[in-house]
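# Architecture at a glance
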Amino acid sequence: MTAHPDTVLIIDFGSQVTQLIARRVREAGVYSEIVPFQSAKEGFYRLKPKAVILSGSPASVTDEDAPGAPQAIFDSGLPVLGICYGQQTMCAQLGGHIEGGLHREFGRAFVEVQQASPLFEGIWAEGTRHQVWMSHGDRVTVLPEGFEVIAASPGAPFAAIADESRRFYGVQFHPEVIHTPDGAKLLSNFVHKIAGLAGDWTMAAFREQAIAEIRAKVGDGKVICALSGGVDSSVAAVLIHEAIGEQLTCIFVDHGLLRLNEAEDVVAMFRDHYNMPLVHVEAQDTFIGALEGESDPEVKRKTIGRLFIETFEAEAAKLGGADYLAQGTLYPDVIESVSFTGGPSVTIKSHHNVGGLPERMNMTLVEPLRELFKDEVRALGRELGLPAHFIGRQPFPGPGLAIRCPGGVTRDKLRILREADAIYLDEIRKAGLYDAIWQAFAVLLPVQTVGVMGDGRTYEFVCALRAVTSVDGMTADFYPFDMDFLGQAATRIINEVRGVNRVVYDVTSKPPGTIEWE
Ligand code: XMP
């Protein structure tokens, strides 16, 4: 790749939130690249940036072998913004002093603006107080020559500093996190008002660049993609298809644990709408056969994971194999931090469905979304022209309905669950609540209860309804439906689905519950 004309270089010292800095810069319409500190010098010369941001770090500047920024950056005349550790290393490298360990400040704090600065322009006036997020044990105690304090907090007298003539800025707090409510605007001021960058970088530009990168990486190699129909793998597939056309084949495994009409919808969209080579594997018998009689949730999950890999492998072999495996991995799926001993270390969520495939099949991964957050992937999907209803879909777990059917899975139970789930979601859509809910679904309990319908006694299953709000799936609150809504959904399910005579609503948050029942 040639250097982008208006790049912000972000040097990563291993902070858990470095990706958020990149995200805020993207939101300001400016292209950025993150480079680990070990290769910062090489990245600086390669990318020819117009501005540099130094991230936070778990390290301490007072440690003997504390990482620093290349001196070339400070000599280049470019604007530099140091965040937390970035501020401290900038000060230490330019002749200031840092004190370790004495002034721990974690969480919400308030800074008072001491002096006007382009960093605060249009946001923070002199003499005003503002909420910020702090997370530091060390702090600057002596400023390098040329610097002045522009904001102070009780725990950090040098909460924000500037050398306006050299355009060097440092903040002890974290402007990239949402707990600093004006942080995004501060970063926007840095890239626009201080660095003078235009802000014309868009999702359309990301799309162009991602396509160029995919082409450069894959060449004329063959790529396969496990398509689940979820937003992430769908957007990844469409993007890669746009880049390399028929070199991509998608494999869609129907394990018989999908929702009503889901397989047909996915296949129709990709084959008919996108004209994409797509193998539709009908593996219902294999999966349901292996699950029948099994009620241990972990055994169910592991069985599905194993069969998925075996099925996928067999289909890939029929295609003559492939050189690359495409995955819709997102940034939150990748817990990536800079290691101080070697390269970056990567951990993928243990329940990630196709984890294990690349090693087993000796394929190289293509993950064009790995720097994006979910809402950015949705924006990219819109950019690629995916239908709105597809982009807005709620997450659906890889093991599918099997983990919403506690106890043994049978075809009849799956039929009941599918019908109840479709009615519940239909009611949610009709009430205009779909987009306000992170996930809503029905669960079929392995419990039968007595009821009376018409003049007869019934003895049928209990269906539980679940709906939660969440930001990232890690924690969740149950959705507070009004009782009329729940009553209406319950009545329809009992009237229309044969096999259910009682409906209950799950009012458990996560923690202590999980979102799924198994
Ligand atoms: P839990 O139940 O752990 O779920 O609170 C958190 C989120 O993850 C989804 N989930 C999965 N997604 N494969 C997936 O792709 C899985 O094995 C899996 N298990 C849970 C769940 O639907 C929720 O969004």
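All values reported here derive from a predicted model rather than from experimental measurement.

Moving on to the side chain of Glu-518. With respect to the helices, strands and loops of the structure, Glu-518 is situated in the segment after strand S22 (500–505). Note on Glu-518: relative accessible area 16%, which makes it buried. Of note is the side chain of Glu-518, whose polar atom sits 2.8 Å from the side chain of Lys-300. Among all residues touching Glu-518, those that are not within four sequence positions of it are Ser-295, Pro-297, Lys-300, Arg-301, Ala-402, Ile-403, Cys-405, Pro-406 and Gly-407.

The next thing to look at is the site of the ligand. In the neighbourhood of the ligand, 13 residues make up the surrounding shell, with Arg-301, Gln-439, Lys-510, Ile-515 and Glu-516 lying closest. Between the ligand and Gln-439, the relevant distance is 2.7 Å, taken from an oxygen atom to a side-chain nitrogen or oxygen of the residue. In the model, an oxygen atom of the ligand is placed 2.8 Å from a nitrogen or oxygen of the Ile-515 main chain. In isolation the ligand has 490 Å² of accessible area, and contact with the protein removes 83% of it. Its residues placed into classes, the shell around the ligand shows 4 nonpolar, 6 polar and 3 charged. When residues of the shell around the ligand are sorted by domain, at least three fall in each of domain 2 (208–391) and domain 3 (410–505).

As a rule of thumb, soluble globular proteins bury nonpolar side chains together. The biggest cluster of nonpolar side chains holds 54 residues, and the ones touching the most others in it are Ile-224, Phe-312, Tyr-424, Ile-428, Phe-481, Ile-493 and Val-500. Apart from residues no more than four positions distant in its own chain, Val-500 is found in contact with Ile-416, Leu-444, Glu-460, Phe-461, Cys-463, Ile-493 and Ile-494. In terms of nonpolar packing, the next biggest core, distinct from the first, is built from 44 residues, Cys-225, Leu-239, Ala-326 and Leu-330 among them.

To continue, consider the sheet that holds strand S12 (residues 223–226). Read from one edge of the open sheet, 5 strands run S14-S13-S12-S15-S18, paired in parallel fashion. The strands lining the two open edges of the sheet, one partner per strand, are strand S14 (278–282) and strand S18 (364–366). Between one strand axis and the next, the sheet turns by 30° as a mean value, whatever way the strands run. Strand direction decides the pairing type here: strand S15 (residues 324–326) and S18, joined by 3 bridges, are parallel. The residue bridging Ala-326 from the neighbouring strand is Val-366, located in S18. Along the sheet, helix H6 (residues 203–218) makes contact with S12, S15 and S18, crossing S18 at roughly 165°. In the packing of helix H7 (residues 231–244) onto the sheet, contacts are made with S12, strand S13 (248–254), S15 and S18, and the angle to S13 comes to roughly 155°.

In this section: the packing of aromatic side chains. Summed over all chains, the structure comprises 17 aromatic pairs. Between Phe-270 and Phe-390, the ring centres sit 6.1 Å apart and the planes meet at 75°, which makes this aromatic pair edge-to-face. With Phe-270 in helix H8 (residues 262–273) and Phe-390 in helix H13 (residues 388–391), the pair connects residues that are 120 residues apart, well separated along the chain. The exposure class of Phe-270 is buried, given its relative accessible area of 0%. The buried category is assigned to Phe-390, whose relative accessible area is 3%. Every member of this aromatic cluster is reached through a ring pair, and the members are Tyr-424, Tyr-479, Phe-481, Phe-485 and Tyr-505. The ring of Tyr-434 carries Arg-429 above its face, with NZ or CZ at 4.4 Å from the centroid.

The geometry of H6 relative to H7 is characterised by a closest axis approach of 9 Å and an angle of 65° between their N-to-C directions. With respect to H7, the axis of H6 lies roughly perpendicular. Here the hand of the crossing between H6 and H7 comes out right-handed. Residues Arg-207, Ala-210, Ile-211, Ile-214, Arg-215 and Val-218 of H6 form the contact with H7, whose own contacting residues are Leu-239, Ile-240, Glu-242, Ala-243 and Ile-244.

In the numbering used here, UniProt assigns the "active site" (unreviewed entry) feature to Cys-84, His-174 and Glu-176. The greatest C-alpha distance among the annotated residues, which extend across 93 residues, is 11.0 Å, indicating that they converge on a single site. Counting through the fold element by element, His-174 comes out in the loop between strand S11 (168–171) and helix H5 (183–194). Excluding anything up to four places from it in sequence, His-174 contacts Val-17, Ile-83, Cys-84, Trp-133, Ser-135 and Thr-180. For Glu-176, the location among the structural elements is in the loop between S11 and H5.

Calculation notes
- Residues numbered from 1 in each chain as written.
- Predicted model: local features only at pLDDT ≥ 70, side-chain atom pairs only at ≥ 80, totals over all residues.
- Heavy atoms only, no water.
- Helix = DSSP H or I, 4+ residues; strand = E, 2+ residues; numbered from the N terminus.
- Buried < 20%, exposed > 50% of the residue type's maximum accessible area, 1.4 Å probe, protein only.
- Polar contact = N/O pair within 3.5 Å; in protein donor to acceptor, adjacent residues only side chain to side chain.
- Contact = heavy atoms within 4.5 Å.
- Near = heavy atom within 4 Å.
- Areas by Shrake-Rupley, 256 points an atom, 1.4 Å probe, with all protein chains shown as cover.
- Nonpolar A, V, L, I, M, F, W, Y, C, P; charged D, E, K, R; others polar.
- Domains from an automatic or database assignment.
- Core = buried A, V, L, I, M, F, W, Y, C linked by side-chain atoms within 4.5 Å.
- Pairing = 2+ DSSP bridges.
- Axes fitted to C-alpha atoms, helices over the stretch in contact; angles between N-to-C directions.
- Phe/Tyr/Trp six-rings, centres within 6.5 Å; stacked < 30°, edge-to-face > 60°.
- Lys NZ or Arg CZ within 6 Å of the ring centre and 35° of its normal.
- Parallel < 35°, antiparallel > 145°, perpendicular 65-115°, else oblique.
- Left-handed = near helix turned anticlockwise from the far one by under 90°.
- UniProt positions renumbered as here; feature names shortened; annotations may be inferred.

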